[in-house]
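# An overview of the molecular structure
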Amino acid sequence: QSHIHKKTMVVSTPHPFTGSERKIVVVGGGIGGLTFASAAKRVGFKVVVVERSFTADDPNAPSALGGGIGLWPPSQEVLHSIGALAPLLPGGAYMPSPCYLNSGGAVLGRPSAAFQERFPVLCLQRSELAAQLLRG
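First things first, this report covers the structure right here in the doc. (Residues numbered from 1 in each chain as written. Predicted model: local features only at pLDDT ≥ 70, side-chain atom pairs only at ≥ 80, totals over all residues. Heavy atoms only, no water.)

Looking now at the packing of helix α1 (residues 31-42) against helix α5 (residues 126-135). Each pair of packed helices can be summarised by the angle the axes make with each other and by the distance between the axes. Two elements in contact, α1 and α5, have axes separated by 8 Å at closest approach and are oriented at 25°. Comparing the axis directions of α1 and α5 gives the class roughly parallel. Once α1 is placed against α5, the crossing between them reads as left-handed. Between α1 and α5, the contacting residues are I31, L34, T35, S38 and K41 on the first element and R126, L129, A130, L133, L134 and R135 on the second. For the contact of α1 with α5, the per-class residue count stands at six nonpolar, two polar and three charged. (Axes fitted to C-alpha atoms, helices over the stretch in contact; angles between N-to-C directions. Helix = DSSP H or I, 4+ residues; strand = E, 2+ residues; numbered from the N terminus. Parallel < 35°, antiparallel > 145°, perpendicular 65-115°, else oblique. Left-handed = near helix turned anticlockwise from the far one by under 90°. Contact = heavy atoms within 4.5 Å. Nonpolar A, V, L, I, M, F, W, Y, C, P; charged D, E, K, R; others polar.)

This model, assessed by the stated rule, comprises three aromatic pairs. Consider the rings of W72 and F115, whose centres lie 5.8 Å apart with planes at 80°: the pair is edge-to-face. Of this pair, W72 sits in the loop between β5 (68-71) and α3 (73-81) while F115 sits in helix α4 (residues 115-118); the two residues are 43 residues apart in sequence, bridging distant segments of the chain. Judged by relative accessible area, which is 37%, W72 ranks as partly exposed. Among the residues examined, F115 registers a relative accessible area of 13% and is labelled buried. Judged by centre distance (6.4 Å) and plane angle (55°), the rings of W72 and F119 are tilted. Of this pair, W72 sits in the loop between β5 and α3 while F119 sits in the loop between α4 and β9 (122-125), and the two are 47 residues apart along the sequence. Owing to a relative accessible area of 32%, F119 belongs among the partly exposed residues under this scheme. An aromatic cluster is present here, built from W72, F115 and F119 joined pairwise through their rings. (Phe/Tyr/Trp six-rings, centres within 6.5 Å; stacked < 30°, edge-to-face > 60°. Buried < 20%, exposed > 50% of the residue type's maximum accessible area, 1.4 Å probe, protein only.)

The values reported here are purely geometric and, on their own, carry no functional implication.
Set out below in structure tokens:
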């Protein structure tokens, strides 16, 4: 059960081993804070997330989070471990072969063809990632 308050999200889950409630306050509702809060909730903590810039139900929250994000394999592994990756896949896309540009837009270099196979980068909207982490 989640309760979202101005500048605070409260998620209550009894600890699976003792039946008591363990509590954590996470200061910062960015991607890192929400990921930690989601992981803590999955193992039975009551989590309060405090964010000064926006609230989870604020219509301006997506713009406060920024636009897109590219998730490298280690980040995808963390999201998979907390059950948050699979729901994000339909709304994301894997980055095609990247290139590195200078400030004028000229291509400086491209990684080898094997790059995408070794390092698949999932691209999606930050707001979608945050919403999934809030759903926990």
